[in-house]
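Tertiary structure, described
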Amino acid sequence: MAKLTLAPIIKISASLAAKAATRKGFNTALILGTSEVIPQSERLRVYYSADALIEDGFKDDSAEYKAAKLYFSATETPTKLYVGD
């Protein structure tokens, strides 16, 4: 039985180095929408709960609110979310 090498097809390398430090804010989501709640002059707001979007003027049937509700219902609850226009 002939042996074929996979070297021309794939190249695998494994690194056993220590894990790099996580950047602050790297795991924060951004939801972009078309709502007029956030003015273009501001472009971006940070929220710490889905209810905060309702308090800010988003409707409970808006796509941004629905996405935020889903985002904040994750098993490991996120701490913040950016919403932009």
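The structure this text deals with has already been given above.
Position labels on residues start from 1 in each chain and follow its written sequence. A pLDDT threshold of at least 70 governs which residues receive local features in this predicted model, and a stricter bar of 80 or more applies before side-chain atom pairs are shown or counted, although totals over entire chains, interfaces and linings include all residues. Hydrogens and water molecules were not included; the side-chain quantities draw on all heavy atoms of the structure.

**Notes on the overall build of the chain**
Helix and strand content of the chain: two helices and three strands. Secondary structure is summarised from DSSP: a helix means a run of H or I of at least four residues, a strand means a run of E of at least two, and numbering begins at the N terminus for each. Counting helices and strands in the order they occur from the N terminus, the chain gives β-β-α-α-β. Computed over its C-alpha atoms, the radius of gyration of the chain comes to 21 Å, more than 25% above the 12 Å expected for a compact globule of 85 residues. Each of the three principal axes of the chain carries a C-alpha extent, and together these read 70 × 30 × 30 Å. Working rule for contacts: check all heavy atoms of both residues, and any pair within 4.5 Å makes them a contact. Summarising the internal contacts of the chain: among those between residues at least 6 apart in sequence, 58% fall at separations of at least 24. Looking at the chain as shown, the accessible area adds up to about 7300 Å², and 56% of this sits on carbon and sulfur atoms. Neither His nor the chain ends is counted toward charge; the positive residues are Lys and Arg and the negative residues Asp and Glu. Note on charges: their place is set at NZ of Lys, CZ of Arg, CG of Asp or CD of Glu. Side chains of the chain carry 11 positive and 10 negative charges; the gap between the two charge centres is 17 Å. When we talk radius of gyration, it's over C-alpha atoms, and the globule rule is simply 2.2 Å times the number of residues to the 0.38. All accessibility values rest on the Shrake-Rupley procedure with a 1.4 Å probe; residue burial counts only the protein chains present in the view.

**A closer look at the pattern of salt bridges**
Basic side-chain nitrogens of Lys or Arg form a salt bridge, by our definition, when they fall within 4 Å of a carboxyl oxygen of Asp or Glu. Under the defined criterion, the tally for this structure stands at two salt bridges. One salt bridge connects arginine 45 with glutamate 42, and the closest N-O pair in it is separated by 2.9 Å. Each residue is assigned to one of three classes by its accessible area relative to the maximum for its type, calculated with a 1.4 Å probe on protein chains only: buried under 20%, partly exposed between the two thresholds, exposed over 50%. Residue classification places arginine 45 among the buried positions, given a relative accessible area of 18%. With a relative accessible area of 37%, glutamate 42 lands in the partly exposed category. Ionic pairing is found between aspartate 56 and arginine 45, a salt bridge with its closest N-O pair at 2.6 Å. Taken together, the positions of aspartate 56 in helix H1 (residues 50-56) and arginine 45 in strand E2 (residues 44-47) put the pair 11 residues apart, joining distant regions of the chain.

**Quick notes on the side chain of serine 35**
By secondary structure assignment, the location of serine 35 is in the loop between strand E1 (29-32) and E2. A polar contact is formed between the side chain of serine 35 and the backbone nitrogen of valine 37, at a distance of 3.2 Å. Apart from residues lying up to four places away in sequence, serine 35 is in contact with Phe58, Glu64 and Asp85. Definition of a polar contact: a pair of N or O atoms within 3.5 Å, with one able to donate and the other able to accept a hydrogen when the atoms are protein atoms, and with sequence-neighbouring residues admitted only if both atoms are side-chain atoms.

**Comments concerning the pairing of strand E3 (residues 81-84)**
For two strands to count as paired, DSSP must find a minimum of two bridges between them. Where E1 meets E3, four bridges bridge the pair, whose relative direction is parallel. What sits directly across from isoleucine 31, in E3, is valine 83. Of the strand pairs in this sheet, E2 and E3 are connected by four bridges, and their pairing is antiparallel. Counterpart to tyrosine 47 in the pairing with E3 is leucine 81.

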